[in-house]
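# Topology and contacts: notes
These are the residues of each chain, in order.
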Protein chains: 2
Amino acid sequence: MSDAVTSGIPLPAGAHLVAGGVTAPRGFRAGATYCGIKTDATAHDFALLLAEVPCVTAATFTTSRTAAHPVQVCQEHLAATGHRAQAVVVNSSNANCSNGPQGLADARRTADLAGAKLGIDPQLVMVSSTGIIGRPLPMDRIEHGIAIVEVSPDGGEAFSGAIITTDTRTKLTAIEFELDGKTVRLGGTTKGAGMIYPNMATMLCYITTDAAVDPEFLRDTLRGCVADSFNMVCVDGDMSTNDTVLCLANGFAGNAPVRGGTPDGACFAAALDYVTQYLAREIARDGEGATRLMTVVVHGAASDADARRAARAVTASPLWQCAVAGGDANWGRILAALGASGADFEHERLEISINGLRLVADGHATAYDPAAAKQMMQETGIDVAVDLHAGACEATAWGCDLTHGYIDENTTYFR
Amino acid sequence: MSDAVTSGIPLPAGAHLVAGGVTAPRGFRAGATYCGIKTDATAHDFALLLAEVPCVTAATFTTSRTAAHPVQVCQEHLAATGHRAQAVVVNSSNANCSNGPQGLADARRTADLAGAKLGIDPQLVMVSSTGIIGRPLPMDRIEHGIAIVEVSPDGGEAFSGAIITTDTRTKLTAIEFELDGKTVRLGGTTKGAGMIYPNMATMLCYITTDAAVDPEFLRDTLRGCVADSFNMVCVDGDMSTNDTVLCLANGFAGNAPVRGGTPDGACFAAALDYVTQYLAREIARDGEGATRLMTVVVHGAASDADARRAARAVTASPLWQCAVAGGDANWGRILAALGASGADFEHERLEISINGLRLVADGHATAYDPAAAKQMMQETGIDVAVDLHAGACEATAWGCDLTHGYIDENTTYFR
């Protein structure tokens, strides 16, 4: 399980990694192509995921008041079908957000065209877009993409490659484990890079499984997993307009549908935790301009909400992000972020360690060796451990450093 | 009033600018020196402000759970004296925060030493520190500073120069106006640069007036003014541990004490609004690495809170800050920030203009000229006007762009 060790997210007991991402589970095919939206014609910008049958589907979307048009279409379709979906169409490099009535019509037409090509009800088609806001979706290119894209049982990696924008690498994983005596698989992929904060976006994530899962249980479990994964990632504190997490379960494994309050339910939830946390962490590791991954674990919080806000506050502090970039153990910036977070604690009891070196105890500096602290800050993984000594709750958040690369990416992208 | 025009904050009717900052009002003296905390021995790092008599004093402080030791001492002293103060001692380059019991003792001893030198009750001494967190305050240097610093009636500018850290320039203003048939003056100074967000800090601000002011009215008015000024500034979204705004009124103008609900009260409040908003805006204009000042005015909000959070969200968006740095009218980033702000509005009614050019109406792009938009984004002042069309409330916030300069300032400062 060398990859699992590298990832830092422990695999659930009895599970092992498999290849293929979203097409690792049986009964899913995917593919990608270049339809002409990205300027680099050697890259893919159009992707299709297709299940052999309509799937039990759970979803979470951005909570932005300016949600993009495809988000609205997904929500309408899921409401109309009782949360079932069979296909996902994604374009990158154009967010189809804030394009007025035409934007909504374009998102609907994308689903219609895909449904016609695939011979399925258009309401079973989910649509996603990611990229620049406020540019009309080039429907001629979308139509071209729908016409030429092909899907195959090993198309998961191609799908992952077509949905990314400023990401430097694809992000996918899949695991195999047992449920009800059957072998089941759970695969997922995501994209991230910039505009990454609370309810995620321009973040997209697609998860597939061949397990049979009770719809209500899938919905509740996905919501919980997203709270502990994507909603605990920060690149820059900007929540976006397009964030979408979709989880499709086709039941091909033949297990009895997984329900809550059962050993199988716990097992499936652990698997979904693994996939979502692995992918969330990959988003942080590949944040725009990032050179270092930051993991912040807060212990001893008075409440779950306090643990989350304290952990997130550290990942979201530009000053601490800069210190991480510069390799400086400037714990004062962590402390300031915690102090401003709104979490309840006593300054005099605060404890902060980085990569195992305790820098702060009883709210002030320990007699740590500055040379050791400097050395430790050269690691590519910076693990911040905080103990608020205010209770028994804890939370983990992921982030990255803030570098010249982020500024370059976001000041010169349009030239 | 050429300077008033430059500042962009309108002077109150009947007021005019005068020189001197915090020593412009009668009965205040100030001075500064180098005591040895800054590495640059040609700079000042120690400042003293002295009133001839104990003053009616109002104050606001950081709401951080990790407030610095001098903040605690100020709060204790104000409680003990019934909100009166006569002197302010400030050191820059060391925040005296998170130094444990020794830090608190050092802050108290600073007040004691200053009181002894000045021959006043130490509880009438306010102490402030700004700089790096977690380094013991070098008391030998502080003692040296107290011993050698001298004050004079024209020391306001020197005071302003000694309290700054990464600021590129001093920030001070003073105005003269009439109250109760008497000529009164109100002067202020501040420092800012980094770690600038909600309840301000490592932001310090000192305001003096020779007006006689009712204590309760002064407290309420200062609180309102800070809400509309310093609490509407963002450089990087990091709230700090040391923020302090102090307003000292010595009554030397001989007016009847200003009270609420009177024409004089309104006049004084307008003057204090001017000084606090002018200084707050200067903090944004001189943010770390800033090359452009951003002013965001939100109209049509459903509530005052919504107007504030919408305006602040735009100033706090790193992506939009990068677009401002790059001179790109990427309004999608403004829209995303508004959508994520939590303010209530309909996407379809949103209107956004920059420097008078309307880019978004009815929630989507107008037929604006891209060349004109690009040209307009080359200005050093970027005025964003948003209409949420959701009500009648409005708010103004100030911010700056995000550049390589910010990264340099905060990744290499310790080398």
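One numbering rule holds for all chains: residues counted from 1, following each sequence as written. Whichever chain is written first becomes A and whichever ligand is written first becomes 1, with later ones labelled in order. Given that this is a predicted model, residues contribute local features only at a pLDDT of at least 70 and side-chain atom pairs are listed and counted only at 80 or more, while totals for whole chains, interfaces and linings are drawn from all residues. Side-chain measures here rest on the full set of heavy atoms in the structure, leaving out hydrogens and waters.

## Some remarks on the overall build of chain A
The following threshold applies: Under the DSSP-based scheme used, a helix requires at least four consecutive residues in state H or I and a strand at least two consecutive residues in state E, with every element numbered from the N terminus. Burial status follows relative accessibility: with a 1.4 Å probe on protein chains alone, a residue under 20% of its type maximum counts as buried, one over 50% as exposed, and anything between as partly exposed. Between two residues, a contact is recorded if the distance between any of their heavy atoms is within 4.5 Å. Working definition of accessibility: Shrake-Rupley area with a 1.4 Å probe, residue cover restricted to the visible protein chains. Neither His nor the chain ends contribute to the count of charged residues, in which Lys and Arg are positive and Asp and Glu negative. Taken as the charge location is NZ of Lys, CZ of Arg, CG of Asp or CD of Glu.
Looking only at helices and strands, chain A features 12 helices and 15 strands. Going through the 415 residues of chain A one by one, you find that 60% of them count as buried. Sequence-distant contacts in chain A: of pairs separated by 6 or more residues, those separated by 24 or more amount to 80%. For chain A, the accessible area works out to roughly 13900 Å², and carbon and sulfur atoms hold 50% of it. Separation of charge centres in chain A, based on 29 positive and 46 negative side chains, amounts to 4 Å.

## Let's talk about the interface of chain A and chain B
Under the convention used in this document: Note: buried area is the sum, over both parts, of the accessible area (probe 1.4 Å) each one loses when the two are combined. Here a salt bridge means any side-chain nitrogen of Lys or Arg lying within 4 Å of a carboxyl oxygen belonging to Asp or Glu. Here a polar contact is recorded for every N or O atom pair within 3.5 Å, except that within protein the pair must consist of a potential hydrogen donor and a potential acceptor, and residues adjacent in sequence are included only if both atoms are side-chain atoms.
Contact with chain A, which involves 55 residues of that partner, is made by 55 residues of chain B. Summed over both sides, the interface of chain A with chain B buries roughly 4300 Å², with 60% coming from carbon and sulfur. Of all residues in chain A, R65(A), L319(A) and H404(A) bury the most surface against chain B, accounting for 15% of the area lost on that side. Linking chain A with chain B are 0 salt bridges, by the criterion used here. Across the chain A-chain B interface, the total number found is 7 residue pairs in polar contact (both at pLDDT 80 or more).

## A look at the packing of helix α6 (residues 215-228) of chain B against helix α7 (residues 263-285) of chain B
Residue and element names in this part refer to chain B. Going by this rule: For helices, the fitted line uses only the C-alpha atoms of the stretch in contact; every axis is such a line through C-alpha atoms, and the angle between N-to-C directions lies from 0 to 180 degrees. When an angle is under 35 degrees it counts as roughly parallel; over 145 it counts as roughly antiparallel; between 65 and 115 it counts as roughly perpendicular; any other value is oblique. Each crossing gets its handedness from the near helix: less than a right angle anticlockwise from the far helix is left-handed, clockwise is right-handed. Polar here means any residue outside two lists: the nonpolar Ala, Val, Leu, Ile, Met, Phe, Trp, Tyr, Cys and Pro, and the charged Asp, Glu, Lys and Arg; Gly therefore counts as polar.
Across the interface, α6 lies against α7 with an axial gap of 9 Å and an inter-helix angle of 40°. Between α6 and α7, the interaxial angle falls into the category oblique. Crossing geometry of α6 relative to α7 is assigned as right-handed. Along its contact with α6, which presents F217, L218, T221, L222, C225 and D228, the element α7 presents G265, F268, A269, L272, D273, T276 and Q277. Of the residues belonging to the contact of α6 with α7, the class tally is 7 nonpolar, 4 polar and 2 charged.

## Looking at the sheet that holds strand β14 (residues 381-387) of chain A
Residues and elements named next belong to chain A. Which entries qualify depends on this criterion: Between any two strands, pairing holds if DSSP finds at least two bridges.
Read from one edge to the other, the open sheet built from 6 strands follows the order β13-β12-β11-β14-β10-β15, with strand pairing classed as mixed. A strand with exactly one partner marks an edge of an open sheet, and here the two such strands are β13 (364-365) and β15 (393-400). Pairing of strand β10 (residues 293-301) with β15, which is carried by 7 bridges, proceeds in the antiparallel orientation. In the strand pairing of β15, M294 is matched with G399. Lying on the sheet, helix α10 (residues 331-340) is in contact with β11 (351-354), β12 (357-361), β13 and β14; it crosses β11 at an angle near 135°.

## Some remarks on the packing of aromatic side chains
All names here are of chain B. Basically, it comes down to this: Pairing of aromatic rings covers Phe, Tyr and Trp, the last through its six-membered ring, and needs centres within 6.5 Å; plane angles under 30 degrees mean stacked, over 60 mean edge-to-face, and all others mean tilted.
Enumeration according to the criterion identifies 5 aromatic pairs over all chains in this entry. Between F217 and F268, the ring centres sit 6.3 Å apart and the planes meet at 55°, which makes this aromatic pair tilted. Taken together, the positions of F217 in helix α6 and F268 in helix α7 put the pair 51 residues apart, joining distant regions of the chain. Judged by its relative accessible area of 11%, F217 falls in the buried class.

## Re the confidence of the model for chain A
Residue and element names in this part refer to chain A. Operational definition: pLDDT is defined as a per-residue confidence score from the predictor, taking values between 0 and 100.
A residue-level look at chain A finds 93% of positions with pLDDT of 70 or above and a mean pLDDT of 87. For the stretch residues 1-6, pLDDT sits under 50, and the model shows 9 contacts to residues farther than four places along the chain or on other chains. Every residue in residues 198-202 scores below 50 in pLDDT, and together they form 32 contacts with partners more than four places removed in sequence or on other chains. For this predicted complex, the interface score ipTM comes out at 0.74, alongside a pTM of 0.77.

## Some points on the sheet that holds strand β10 (residues 293-301) of chain B
All names here are of chain B. In spatial order, the strands read β13-β12-β11-β14-β10-β15; together these 6 strands make up an open sheet with mixed pairing. At either end of the open sheet lies a strand with only one pairing partner, and these are β13 (364-365) and β15 (393-400). Where strand β11 (residues 351-354) and strand β14 (residues 381-387) come together, 4 bridges link them in antiparallel fashion. Within β14, the position partnered with I354 by the bridge is V384. Strand contacts of helix α8 (residues 304-315): β10 and β15, with the helix running at about 20° to β15, the strand carrying the most contacts.

## Observations concerning the pairing of strand β12 (residues 357-361) of chain B
The side chains of a regular strand alternate between the sheet's two faces. All names here are of chain B. Bridge count between β11 and β12: 3 bridges; the pairing is antiparallel. Residue pairing across strands places S353 opposite R358, the latter belonging to β12. Linkage of β11 to β12, two consecutive antiparallel strands, is achieved through a turn of 2 residues, within which N355 is found at a positive phi near 45°. Taken together, the 2 bridges between β12 and β13 define a ladder with antiparallel strand orientation. When the bridges of β13 are listed, A361 appears paired with H364. In textbook terms, the turn of a hairpin is the stretch between consecutive antiparallel strands, and for β12 and β13 this stretch comprises 2 residues, one of which, D362, has a positive phi near 50°.

## Structural notes on the pairing of strand β7 (residues 182-191) of chain A
All names here are of chain A. By the criterion of burial, β7 is predominantly enclosed, with 7 of the 10 residues buried. Where strand β6 (residues 171-179) meets β7, 9 bridges bridge the pair, whose relative direction is antiparallel. Bridge pairing in β7 places L179 opposite K182. Counting the residues between successive antiparallel strands, the hairpin from β6 to β7 contains 2 residues, one of them, D180, with a positive phi of roughly 55°.

## A few points about the side chain of D286(A)
One can find D286(A) in the loop between α7 (263-285) and β10. At 3.4 Å, the side chain of D286(A) forms a polar contact with the backbone nitrogen of R169(A).

## Observations regarding the environment of V360(B)
All names here are of chain B. By secondary structure assignment, the location of V360 is in strand β12. Separated by 83 residues in the primary sequence, V360 and Q277 have C-alpha atoms spaced 28 Å apart. Non-local contacts of V360, meaning those with residues more than four positions away in its chain, are made with W331, L350, E351, I352, A365 and T366.

## Digging into the state of the cysteines
Residues and elements named next belong to chain A. The following threshold applies: Cysteine sulfurs are considered disulfide-paired once they come within 2.5 Å of each other.
Enumeration according to the criterion identifies 0 disulfides over all chains in this entry. C74 supplies the cysteine sulfur nearest to C97, a cysteine that is in no disulfide, at a spacing of 14 Å. Residue class for C97 comes out buried when judged on its relative accessible area of 0%.

## Let's talk about the relation of the copies chain A and chain B
The relation between the two copies of this chain is a rotation about an axis and a shift parallel to it. Where we set the bar: The copies are overlaid by a least-squares fit using only the C-alpha atoms of residues whose pLDDT is at least 70 in both copies.
Mapping chain A onto chain B calls for a rotation angle of 180° and an axial translation of 0.0 Å; the resulting RMSD is 0.0 Å. Here the copies are linked by what is in effect a two-fold axis. For chain A, the residue whose C-alpha comes nearest the rotation axis is H404(A), separated from it by 2.9 Å. Most of the interface of chain A is mirrored in chain B, where 100% of its interface residues again form contacts.

## Some words on α8(B)
Residue and element names in this part refer to chain B. Let me state the cut-off plainly: In a helix, the anticipated span is given by 1.5 Å times the number of residues less one.
Over its 12 residues, α8 runs 17 Å from end to end, which matches the ideal 16 Å to within 8%, given 1.5 Å per residue. All buried positions along α8 are accounted for by D306, A307, A310, A311, R312, A313, V314 and T315. Tucked inside the fold, the buried residues of α8 contact β10, α9 (318-326), α10 (331-340) and β15.

## Here's the deal with unusual backbone geometry
All names here are of chain B. In this structure, S93 is a non-glycine residue whose phi angle is positive, near 80°. Relative to the assigned elements, S93 resides in strand β4 (residues 84-94). Taking the relative accessible area as the measure of exposure, S93 reaches 28% and is therefore partly exposed. The residue N355 is not glycine, and still its phi comes out positive at about 45°. Inspection of the secondary structure assignment puts N355 in the loop between β11 and β12.

## Remarks on the pattern of salt bridges
Overall, the coordinates contain 26 salt bridges over all chains when judged by the stated rule. Taking the shortest distance from any N to any O, the salt bridge between R26(A) and D210(A) comes out at 3.1 Å. Of the two residues, R26(A) sits in the loop between β1 (16-17) and β2 (28-33) while D210(A) sits in the loop between β8 (204-209) and α6 (215-228), which places them 184 residues apart along the sequence. Taking relative accessible area as the criterion, D210(A) reaches 0% and is therefore assigned buried. Residue D304(B) is joined to R308(B) by a salt bridge in which the shortest nitrogen-to-oxygen separation is 2.9 Å. One end of the pair is D304(B) and the other is R308(B), both in helix α8 and 4 residues apart, which spans about a single turn. Overlapping salt bridges bring together R169(A), K171(A) and D286(A) as one network.

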